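Architecture at a glance
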Amino acid sequence: MSQGTGSPFSCVWTEVDWRSASGPFSCTSEPKSQQMQSGTGCWAGWPCSPSCLNEPKNEENYLGQFPVSFGAIAPFMADLDTTDGRGSVYYREDSSSDVLQLASDYIKGGFPEAAFDPSSVVIVTWKLVAPYQGPGEDLTLEEKRNTFQAVLASSDSSSYAIFLYPEDGLQFYSAYSKNNDGKIPAMVGFSQASTNYYFWENPGSYNVIANDEDSIRNLHKSSNAGRQGVWVFEIGSSSDTIVPAKVSNVLASLEPSEEDQELTSKPFMSDYGSTEIRPQYVTSSTDSTEEDQHVTYSVPQLAVEDFITSYQDVTGTPSTESFYRHREFPTAKAPPRQFPAQQFPPQGPQVIDVEEFDETGIVFRYHTDVQQTCANNRHQCSVHAICKDYPNGFCCSCIAGYKGNGRQCVAEGSPQRVNGKVKGRIFVGNNPVPVTFENTDLHSYVVMNHGRAYTAISTIPEALGYSLLPLASIGGVIGWMFAVEQQGYKNGFSITGGEFTRQTEVTFLGNNEKVVIKQKFSGIDEHGHLTISTEMEGRVPEVPAGASVHIEPYTELYHASSSVITSSSTREYTVTEPERDGVASTYTGAYQWRQTISFDECIHDDTLHAAPATQQLSVDSIFVLYNRDEQILRYAMSNSIGPISDGSADISRNPCYTGTHNCDTNAVCRAGSGNRFSCECSIGFRGDGNVCYDIDECSEQAGACGSNAVCNNQPGTYRCECVDGYQFAADGRTCVAVEYAVNHCQTGTHGCDIPQRAQCVYTGGSAYVCTCLPGFSGDGRACEDIDECQQGRCHPDAFCYNTPGSFSCQCKAGYRGDGFQCVLGGVVKTKCQREKEVALGSGGTFFQREIRVGQFIPQCDEHGNYVPTQCHGSTGYCWCVDRDGNEIDGTRSGLSTAAPPVVIGPSVRPDTIPLPPGTHLLFAQSGKIEHVPLEGNSMKKNGAKALLHIPDKVIIGVAYDCMDKMVYWTDISGPSISRASLHGGEPTTIIRTDLGSPEGIALDHLGRNIFWTDSQLDRIEVARLDGRQRRILFDTGLVNPRAIVVDPVRGNLYWTDWNREAPKIETSYMDGTNRRILVKDDLGLPNGLTFDPYSSMLCWVDAGTKRLECMNPNQLGRRKIVEGIQYPFGVTSYGKNLYYTDWRRDAVVAVDRMVSVENDNFQPHKRSRLYGITTAFAQCPGGHNYCTVNNGGCTHLCLATPEGRSCRCPDNTVGVDCIERN
């Protein structure tokens, strides 16, 4: 930490035992060197004098309260949790010139006149911290993570604090507390320590920056220092007060009144990136109790050189490479500037960590997209708007005669309609039972030139209806949107285009009842109506049934800053109760009204921000009514917006602004000088303004809709509709004939060559492609036989015979073999003999080695054929095999009673332990791969053991080659892709370059290729089994690809993408063609995927929906196998069972898919997370594809398709003789 002089001291975090880091930066230790110099303040627990410093209380006693008795700087004060790898808190002091300059630039951005040169900077980083959760509390919070930074900069005379927040914003805004106070909003602010006297405590001064969910949510959108997400405060000088920066080019500078101070000083923050430190004593655990989280992977405790710590250009945007030199997180959205966090050297061995957090695992998203211009974004503007390009983007603006924000435009003066739904849970008075309602209709009609809004909410129960009468502003926001605009001022629709969210908090004075109203406006729908959804929750005072409510006209100030509008006021209402004995009693109530409106605005066009930062909404002629017979709640009011005024100004009395003009309801009132005005019919109407008639565009504009369309006239506009048999083209205007799909391959109307030489492949709609069969070349419409004999396919000592589409080889006289291998006068070794040589490790006479203990050695007869009964000498297993050496299911004997062989020598070598015969489940458990034998459909748990130990790796995906008995896996700690023989031996890394986070892996045992997903590079690749000939199949349209499987016989590829915004399961041919989405609805986090070659069923597990489902990829419909599973990751199939790994249970779970019942589970001896799982078949599934023989005739990659194959070249094949063909 740092004093005003920059000297370090050790510091103890307030209640931060790395289990629950509550967020306020509060240090309570004594400094190692001198005290803070005079005038630097007593903030964040910096001890200035004994009377200034108070010991912090326990968290339970101060969370949710502000100010606190001790000094604190709070960039996000809440009960946070860092157990089990849920984030970390780091700090360091830095006096390097680059960091000092960066801090100085930030501070001068907020205090341009300040002459400040820091001598030391303290950087504190909260990285991916989670909210505290008690047992059984809000599950939606468990997947949230926050990252933010606080920076303290000091010189000899003053100190400043800088708060930095990510561009994507914080993910949670409140947390539960340990003392069962419920959910408490976070707090951002400063609190000076209280002073203790003999008999009392004098509280210190404090500043509240943000203290509710709305203000916290919008922190990242603005700034008080000219850069989004950057907040600067002077915390120590000649004064003891906190002085916020007041630069207004991002956050409009306001001079709020005392009562509005809390609202108008709310920050709205933005980008900050993070390369943080990890304290050496903070390790991670693979065990976790988090719900509904998804993972990305990282290897922490990197060397110092993995991070960049120099900044040549403090005003530029750092690149992904500079901030994340080591691929720790698949992050994006570049921060504008950031303090680099230093890496402490690791103490002792490094720990491989799997970071778990949510919202797709993304904290920052760097801008990697191309420049956004009107050319590729014109569709985002209204048809009644123009699009204009700017250096950093584009903006839309409505054309003359229309109002709005450019994305949404409506004709000036035209009446507007608003439709939506309302749901709520409201307590009335002291009634302990709430009134609940949902899917209730809301309809509103607005006369724009009067600014008058009529709103009706239907089917509100009588028990609640009268008590909602005072809340006229439920519909008042619609009045604000279409309020009459005085010259130079803008109503809500002109600012937001009807696309915004609004959160309102109403507190009734007296008994302190509170109601929270959340509304979302989604713009104009296809019918030209504005859409809205409303949620209400809380308690209201009871208004007697039959009573009436009167609300006097009022004014309200709206404060606008970047993308946020706030307002607050106190309103009174009068309740007149029903008459009793001819007397009607009345009483007056009051409530405080606070609201925050958040919206997206175009930041590139300064002219769009021409409206004053503070505007006054004037509301009068307020009418509220509840009809008990119809159960309808009605609100009506007139609205105008203009300057802050007491109503005496001349402009306020203009009839256009008071609604006393005589213009038609479909006309615009144009204010003149004094009381003069004119009426002008809205677009789509004709008349003198006092009376306006609808223009029938369909009659007056012949052919307005073009051919094959009919024109329907509507008030102020018209609509074109295509006639039967036609539909709109991509331009949305031209009607084109509907094309009925014809499968030309099925009808025989295609133009492909004859079936003996080519095949027709149907690709959807009426489209198809022609491909030559293996052994032929051409475009599919004309195919010629390939003379393989010209390509030297046979052995040099063999004759080659070409045949249509194929060829054959025959050894010459005196040679023996199959034509591909010929031996002079000798005998070609059989498969059994070759495998025995490999097992013995002979490789010939000169390379014999000692037989490893536990090694399986196949037994061959005198002719080199497999002995029908094979036995494992060390384990005692015996089983029957077919002529190819494959085990016959159900023939394996039990284990012998002999003691297991003793392994002599060191055991740290990462060798594979030979896999006993039979079918097994292989699954990854962090740094090892384990196996469970299958006996029929049952797991033989007593035979389970580790197959491979690689303790310094994090293995995610596994795949099995049933032909060579090899296991393949992905490792995200390297990252790398490796393999090992199940006959025993050392693992081999086959790919170690150009990888980000390889996760899913699949193997085509027929075509001899592997496929894998990379969730950091967002791509899918293919390569040969030895890792050579890599080719990228897909690098677009992927966000978080994970599981991947193949159907080798049919040449299909399937994969999952758990993109939070649009999860999906996709498919394509193995060559990457015919890509399409297979499943996109009702998915959450599709983690695991498996294809059963025997039933042709595709099955997946979803950690979001918590379901296991299956489908036939060639048919419509899905089947839910089981629901309510906990947190599945990987899945595989064998027989009637599906087997999935579960993070919550640390187990392999078996499900009978025929009856949809869990029938078994297996937990390894060591409990930790299980990742990928696959089936190691005793025999390869039957079938073949076009790449099975001679690599399909391809020079390099042979990629199967349903009815053929594609020959493809690997990427970067400069100088390689490669031929691509289909």
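To start, this report covers the structure provided alongside it.

Calculation rules
Residues numbered from 1 in each chain as written. Predicted model: local features only at pLDDT ≥ 70, side-chain atom pairs only at ≥ 80, totals over all residues. Heavy atoms only, no water. Helix = DSSP H or I, 4+ residues; strand = E, 2+ residues; numbered from the N terminus. Expected span 1.5 Å × (residues − 1). Buried < 20%, exposed > 50% of the residue type's maximum accessible area, 1.4 Å probe, protein only. Contact = heavy atoms within 4.5 Å. Disulfide = S-S within 2.5 Å. Pairing = 2+ DSSP bridges. Axes fitted to C-alpha atoms, helices over the stretch in contact; angles between N-to-C directions. Polar contact = N/O pair within 3.5 Å; in protein donor to acceptor, adjacent residues only side chain to side chain.

With that settled, the discussion passes to helix 2 (residues 97–110). For helix 2, which comprises 14 residues, the first-to-last C-alpha distance of 20 Å matches the rise-based estimate of 20 Å (1.5 Å per residue) to within 8%. Those residues of helix 2 lying buried are Val99, Leu100, Leu102, Ala103, Ser104, Asp105, Tyr106, Ile107 and Gly110. On its buried face, helix 2 is in contact with strand 3 (88–94), strand 4 (120–131), strand 5 (146–154), strand 6 (159–164) and strand 13 (230–236).

Applying the stated criterion across every chain, the model contains 23 disulfides. Put simply, Cys374 and Cys387 are joined by a disulfide, and their sulfur atoms are 2.0 Å apart. Because the torsion about its S-S bond is -90 degrees, the bridge between Cys374 and Cys387 counts as left-handed. Of this pair, Cys374 sits in the loop between helix 5 (320–323) and strand 15 (385–390) while Cys387 sits in strand 15, and the two are 13 residues apart along the sequence.

Most of the time, phi is negative for any residue but glycine, and the peptide bond is trans. Residue Gly974 is joined to Pro975 through a cis peptide bond whose omega torsion reads -10 degrees. Unlike most non-glycine residues, Asn708 shows phi in positive territory, near 65 degrees. Within the fold, Asn708 resides in the loop between helix 10 (697–700) and strand 36 (709–714). Residue Asp994 is not a glycine yet carries a positive backbone phi of 55 degrees. Of note, Asp994 is situated in the loop between strand 57 (988–991) and strand 58 (998–1004).

Read from one edge of the open sheet, four strands run 58-59-60-61, paired in antiparallel fashion. Strand pairing shows two members of the sheet lacking a second neighbour, strand 58 and strand 61 (1031–1034), which therefore form its edges. Between one strand axis and the next, the sheet turns by 25 degrees as a mean value, whatever way the strands run. As paired strands, strand 58 and strand 59 (residues 1009–1014) are joined by five bridges and run antiparallel to one another. Bridging from a neighbouring strand, Ile1001 pairs with Trp1012 of strand 59.

This part is about the side chain of Asp753. Position of Asp753 among the secondary structure elements: in the loop between helix 11 (744–747) and strand 40 (758–764). Only 3.1 Å separates the side chain of Asp753 from the side chain of Arg757, close enough to count as a polar contact. A distance of 2.9 Å separates a polar side-chain atom of Asp753 from the backbone nitrogen of Cys783. Here Asp753 is in contact with Ala758, Gly780, Arg781, Ala782 and Cys783, once residues within four sequence places are set aside.

Our next topic: the sheet that holds strand 65 (residues 1076–1079). Sheet architecture is open: four strands sit in the order 62-63-64-65, paired in antiparallel fashion. Either end of the sheet is taken by a strand with one partner, and the two such strands are strand 62 (1041–1047) and strand 65. The mean angle between the axes of side-by-side strands here comes to 30 degrees, regardless of whether they run parallel or antiparallel. Of the pairings in the sheet, the one linking strand 64 (residues 1064–1069) to strand 65 comprises three bridges and is antiparallel in character.

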